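# A look at the structure
Read off the chains here:
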Amino acid sequence: MICPTHARRASVFERHIHRVGLVPEFVHPADVADLRRSKGAGRPMKEITLKVNGRQHLLAVDPETTLLFVLNDELGLRGPRFGCGMAQCGACSVMMRGQVVRSCVMPLKAVGQDEVTTLEGLGTPEQPHPIQQAFIDEGAAQCGFCLSGVILTAKAVLDVKLEASDQEIRDALGGVLCRCFAHTRMLRAIRKYAEGKKHDTFPA
Amino acid sequence: MTPSRREFLKGCGALIVSFSASSLTQLSASGQGEFGTHSSHIDPKKLDSWLAVGADGAITAYTGKCDFGQGIFTAQTQLVAEELCVSIARVKLIQCDTSVTPDQGTTSGSQSTPTNFNAENLALAAATAREALLSLAAERLGEPAGHLTLADGVIAGKTGRGVTYEELIGGKHLHLSLSITAKRRSAAQWTVLGKPVPSLDRSALMTGQFEFLHSIRVPGMLHGRVVRPPEMGATVAHVDEQSVRHLPGLTKVVVRKDFVGVVAETQYQAASAARQLVVQWKAGPELPPQKNFFDHLQKQPSHDVLSVDSQDVDTQLAAASNVVRARYTYPYQMHASVGASCAVADVKPHGATVWSATQSAYPTRSVVAQLLNMSPDNVRVIYVRGSGCYGLNGADAVSFDAAILSQAVGRPVRLQFSRQDEMMWENFGSACVVEHRAGLAPDGRIVAWDRENWVASLGNRPGYDQPGNVISGMLLGYEPEPLEPGASKPPAGKLRNQSNTVPSYFAGCIGNSCGGGGTIRSERALTHTVRSPFFTGPLRSPLRIQNTFANECFMDELCARAKADPVAFRLRHLQDSRTIGVLKAAAQAGNWQARSSPKATIAQTGVVSGRGIACVAYEGENGYAAVIADVDVNLQTGVVHPRRFVVALDCGPISNPDGLRNQIEGGILQGMSRSLVEEVTWDNRHVTSIDWKTYNSLHLDYEMPTVESVFVTPADVPATGAGETAITVTPAAIGNAIFDATGARLRDLPFTPERVQAALLESARRVEKAKI
């Protein structure tokens, strides 16, 4: 039985990267917005290239599968998470072409050649992106499960309009949910990031 | 299976420390749950169960209180660092793993701080370890312990010689019992504890690296989904396995009594199979209509408990010059975690491992063992943080289900609930009705207060042996813990006010012992517990928020009737110094102007503003809070918008002020969401709150009010809970502020625009009638 000590756990659960070809055929997408939607079964597996956080991956998967499952299960990414499977909460958010998309309802085939950026793709604990740094500084989380939606959505709106008002930022965050209600700190962190960017205190 | 704790120190010769045995006494560990009743190989009386000094000098600490985002991981790390005089970086905290951590029951009920930060358990272990190390150093250095100083893991003598912890004991067992005489470092000495240390998970969280339970993958793992009944009480008539047989990747359809699940190679396949599997269900009973549910609740057979009864309320009320009556209702609400629950289970013929976000590692171990027909000793539950839970979300149920699925297929299974699995079947926060009657003397003093409440209840935490308390167990054929209807016995012993049933203003006298916080001596509090049509459970501030909403709003009604200032009127009926302390502190911080409610002049149109106050002694003595709410009310639309909260909180010595503020802010805003929009709905058969379109929560687009907090810290008091006090007073403070702004009293939660409009109409009618 697997009985890892804590000291060893990181290696036991090492993320599997490039699990190419291990996945048999997929059937239709799970947890799409319309739960009653039913497609035929047994779609063929296809070789698909997917660019995520600057790396190209070759995957053998059903193109109908959701992007979230591919990111979590095939690429071992932890940032986007399954919240509702219905594009209602934002926990699975990733960025594509500067837009935030809900990976839990996006079939892989819809991604095409666009690069996907997850929360991990912005920065690392050693070198966080300025918006991540602002969240770190403000302690803008409790459980933190929702952070992909909060951080990526805020970044997307400010990338387009740095002068966005509080109201505009909030409007953009309309579909994002934080049940710990760390809202106040999150808004403060977002504002701090915007101010810093405005005054160009961040490196490019 | 071999507990890895042994491996942890494997190969190290046991060292018998020459330590004054006379100063060490056996401790009866208390806190949550009786350690003695649930045997565990990790003896909480032994120091080695709590702490280890590694060969490299790293301190490993073991705790049975885990972090869901409330900050207790960081605070406990600070505690250990403080007591052992090392930097935080040297402390590694292991939380809630039944193979290595002591059984501390459930992490809940604002009990982690009182349990681990006072004179017992983790705090005492750390203090014991420090004294033991000093004693060892004294022997090694040949100097009396009193001459030694301790800094960053080095103990130095007056001669200038020093010795490190690892040189003294690194990699070896201490072989000591917790010393009841070990002295904690006093708050005045603290350099790490009590400081706003940034929570240790921040960088990993913000950069997406944090390992949530949802990211756990084990080799050979399959994916599961469950297929829940359409309604409460429905049972399986037929499962048509043919309906999914054609699906690729499907490993097994698992049916055990009314439990149905599927296992497949991938998440995608599992989810697809769960959706396509055809199951015929025998219908469950009809549900009582939501429209008059509270009337229904009050007519059901009930289990009755009298918290307090002076047996003179009827006489006193008959003699009172002014009697006020009111009925308050509080709906079912959800934990509704952002992430639907998941768990990973690896069940082999002779043992099982479950990775779970449960708040109750050891109880979950026992229940899993029961469901798998194994000995608990062969089950290991490892806590890994999931989505914030706020109580009993789906984490326990999904852990049980994952174990069932893994056993059925003989391989590790990761089970992910869908949003509907999570929301339809979690243990909701109880719906409640509270009826009050109180009499006022001509001088405005409250002479008698009679209070009766009805609580809808079914199931609860599963504990160590009650799987039927959550849906998984019920589907497998276990009953929820029984509710025996019956009349109440006369109250006896000490006043118990864990659910804040008894208002703070009651003297709370049972015989000659008065355990209440107030001065009202003609008092009665009777609780009827009624079988709920849905599972219920401990949602953050369980029953405390329901009761406090009703108590503190009714107190405001009495105050208005007496035409008194809400702060002064409360103070007049309080005697508990700590409740008085937070009330005064909030009034001062919020610049409270003494006057009666409602405001003398209220506009007829547009947006009006008001302020309200409420206070509580959480669970009677586990934390104190007072909050002032400033709210706007739109008289046309009925929309209530809180603008500012001022909170005064007393939780004794504070472990981490930043963590505390985070809890207060989150508590207030969550309380606001629960006050304004949250309510479980159902039709004649089904729960209809099944996603974020049908269960409301304030999203990030809501313009949040400011939350300011001040701390009151009396000298020489123990540390209490703090995560549930602020939320407890929020609904009442908002309700009282609406009354102040408009003269309309809201007695039913949530304060929806429709209800506010109806209350405004009713209030206007009453004013007109009074004129005539």
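Residues numbered from 1 in each chain as written. Chains lettered and ligands numbered in written order. Predicted model: local features only at pLDDT ≥ 70, side-chain atom pairs only at ≥ 80, totals over all residues.

### Some details on the overall build of chain B
To keep things clear, this is the line we draw: Per the convention used, a helix needs a DSSP run of H or I reaching at least four residues, while a strand needs a run of E reaching at least two, with both numbered from the N terminus. As a reference, a globule follows 2.2 Å times the number of residues to the power 0.38, and the radius of gyration itself is taken over C-alpha atoms. Any residue with 12 or fewer other C-beta atoms within 10 Å of its own C-beta is exposed, any with 20 or more is buried, and the rest are partly exposed; the C-beta atoms used are placed from the backbone. Note on contacts: residues are paired as contacts if their backbone-placed C-beta atoms lie within 7 Å.
Across its full length, chain B holds 20 helices and 26 strands. Against the globule reference of 28 Å for 772 residues, chain B gives a C-alpha radius of gyration of 28 Å, in line with a compact fold. Viewed in the frame of its principal axes, chain B has a C-alpha envelope of about 90 × 75 × 50 Å. Taking all 772 residues of chain B together, the buried fraction comes to 60%. Contacts in chain B between residues far apart in sequence, at least 24 positions, make up 77% of those at least 6 positions apart.

### Description of the domain arrangement of chain A
All names here are of chain A. What counts, and what does not: Domain start and stop points were drawn from an automatic or database domain assignment. Any residue outside Ala, Val, Leu, Ile, Met, Phe, Trp, Tyr, Cys, Pro, Asp, Glu, Lys and Arg is labelled polar, Gly included; the first ten of those are nonpolar and the last four are charged.
If you check the domain split of chain A, you get domain 1 (17-118) and domain 2 (123-198). Each partner contributes residues to the interface: domain 1 has 14 residues there, and domain 2 has 11 residues. The element best represented in the side of domain 1 that touches domain 2 is strand S3 (residues 93-96), accounting for three residues. Of the residues belonging to the side of domain 1 that touches domain 2, the class tally is seven nonpolar, six polar and one charged.

### Some points on the interface of chain B and chain A
In this assembly, 72 residues from chain B lie in contact with 68 residues from chain A. Those elements that provide at least two residues to the side of chain B that touches chain A are helix H1 (4-8), helix H6 (202-206), helix H8 (267-276), strand S14 (342-348), strand S15 (351-356) and helix H18 (657-676) of chain B. If you tally residues by element for the side of chain B that touches chain A, the top one is H18(B), at seven residues. Partitioned by chemical class, the residues of the side of chain B that touches chain A number 24 nonpolar, 31 polar and 17 charged.

### Quick look at the sheet that holds strand S10 (residues 259-264) of chain B
All names here are of chain B. Cut-off, in case you're wondering: Between any two strands, at least two bridges found by DSSP are needed for them to pair. All axes are obtained by fitting lines to C-alpha atoms, using only the stretch in contact for helices, and the reported angles, taken between N-to-C directions, cover 0 to 180 degrees.
Taken in spatial order, the seven strands line up as S9-S10-S7-S17-S14-S15-S16 in an open sheet, and their pairing is mixed. The strands lining the two open edges of the sheet, one partner per strand, are strand S9 (250-256) and strand S16 (379-383). With strand direction ignored, the average angle separating the axes of adjacent strands in the sheet is 20°. Of the strands in this sheet, strand S7 (222-226), S9, S10, S14, S15 and strand S17 (413-416) are in contact with helix H12 (residues 395-409), which crosses S14 at around 35°.

### Focus on the nonpolar core
Cut-off, in case you're wondering: Nonpolar cores are built from buried Ala, Val, Leu, Ile, Met, Phe, Trp, Tyr and Cys residues. These are joined into a set through C-beta atoms within 7 Å.
Within the largest apolar cluster, 295 residues are counted, with the highest numbers of intra-cluster contacts made by Ala586(B), Ala625(B), Val627(B), Val647(B) and Ile738(B). Once residues lying within four places of it in the same chain are set aside, the contact partners of Val627(B) are Ala586(B), Ala614(B), Phe645(B), Val646(B), Val647(B), Ala726(B), Val729(B), Thr730(B) and Ala733(B).

### Re the domain arrangement of chain B
Often the size quoted for an interface is simply the accessible area lost on bringing the parts together. All names here are of chain B. The domain boundaries assigned to chain B delineate domain 1 (4-200), domain 2 (214-284 + 337-425) and domain 3 (295-332 + 430-771). The interface of domain 1 with domain 2 comprises 16 residues on the first partner and 14 residues on the second. Here the residues of the side of domain 1 that touches domain 2 sort into three nonpolar, 10 polar and three charged.

### Some words on the sheet that holds strand S13 (residues 322-330) of chain B
Strands belonging to one sheet form pairs held by backbone hydrogen bonds; the direction of such a pair is parallel or antiparallel. Residues and elements named next belong to chain B. Spatial ordering of the open sheet is given by S12-S22-S19-S18-S13, a layout of five strands whose pairing is mixed. At either end of the open sheet lies a strand with only one pairing partner, and these are strand S12 (302-309) and S13. Each strand of the sheet is rotated relative to its neighbour by a mean of 10°, with strand direction disregarded. By the bridge criterion, nine bridges tie S13 to strand S18 (residues 432-440) in an arrangement that is antiparallel. Within the sheet, the bridge partner assigned to Arg327 lies in S18 and is Glu435. Helix H15 (residues 544-561) contacts S13, S18 and strand S19 (446-457) of the sheet and is inclined by roughly 150° relative to S13.

### Concerning the environment of Gln407(B)
Residues and elements named next belong to chain B. Structurally, Gln407 can be placed in helix H12. With 23 C-beta atoms counted inside 10 Å, the residue Gln407 sits in the buried group. In this structure, the C-alpha to C-alpha distance between Gln407 and Val677, residues 270 residues apart in sequence, is 41 Å. Ignoring anything within four residues of it in the chain, the contact list for Gln407 reads Val347 and Leu372.

### Remarks on unusual backbone geometry
Residues and elements named next belong to chain B. A cis amide bond links Ser597 with the next residue in sequence, Pro598, at an omega value of -5°. Relative to the assigned elements, Pro598 resides in the loop between helix H17 (577-589) and strand S23 (607-617). The omega torsion of the bond from Leu749 to Pro750 falls at -10°, within 30 degrees of zero and hence cis. Of note, the phi angle at Asn121 is positive, near 55°, even though the residue is not glycine. Within the element layout of this structure, Asn121 appears in helix H4 (residues 121-141). The exposure class of Asn121 is buried, given the 28 C-beta atoms found within 10 Å. Even without being a glycine, Leu543 presents a positive backbone phi close to 65°. Looking at the element boundaries, Leu543 is found in the loop between strand S22 (523-531) and H15. A residue is classified by how many C-beta atoms lie within 10 Å of it, and Leu543, with 23 of them, is buried.

### A closer look at helix H19 (residues 725-742) of chain B
All names here are of chain B. Put simply, the rule is: The span one expects for a helix is its residue count, reduced by one, times 1.5 Å. Note on bend: at a given residue it equals the angle between the axes fitted to the 7 residues ending there and to the 7 starting there.
The terminal C-alpha atoms of H19, which comprises 18 residues, lie 27 Å apart, in line with the 26 Å expected from a rise of 1.5 Å per residue. When the local axis directions of H19 are compared, the greatest deviation, roughly 25°, occurs at Pro731. Across the 18 residues of H19, 18 count as buried, placing the element largely inside the fold. Within two residues after H19, Gly743 carries a phi angle of roughly 80°, on the positive side.

### Regarding the packing of helix H11 (residues 361-372) of chain B against H12(B)
Residues and elements named next belong to chain B. Put simply, the rule reads: By convention the crossing between two helices is left-handed if the near helix lies anticlockwise of the far one by an angle smaller than a right angle, and right-handed if it lies clockwise.
Taken N-terminus to C-terminus, the directions of H11 and H12 make an angle of 35°; their axes are 10 Å apart at the nearest point. Seen along the crossing, H11 lies across H12 with a hand that is right-handed. Facing H11, whose interface residues are Thr364, Val367, Val368, Leu371 and Leu372, H12 presents Asp396, Ser399, Phe400, Ala403, Ile404 and Gln407. A per-class count over the contact of H11 with H12 returns seven nonpolar, three polar and one charged.

### Examining the pairing of strand S2 (residues 55-61) of chain A
All names here are of chain A. Bridge count between strand S1 (residues 46-52) and S2: seven bridges; the pairing is antiparallel. Note on S2: the bridge partner recorded for Lys46 is Val61. With antiparallel pairing between neighbouring strands as the criterion, S1 and S2 make up a hairpin whose turn holds two residues, including Asn53 at a positive phi of roughly 50°.

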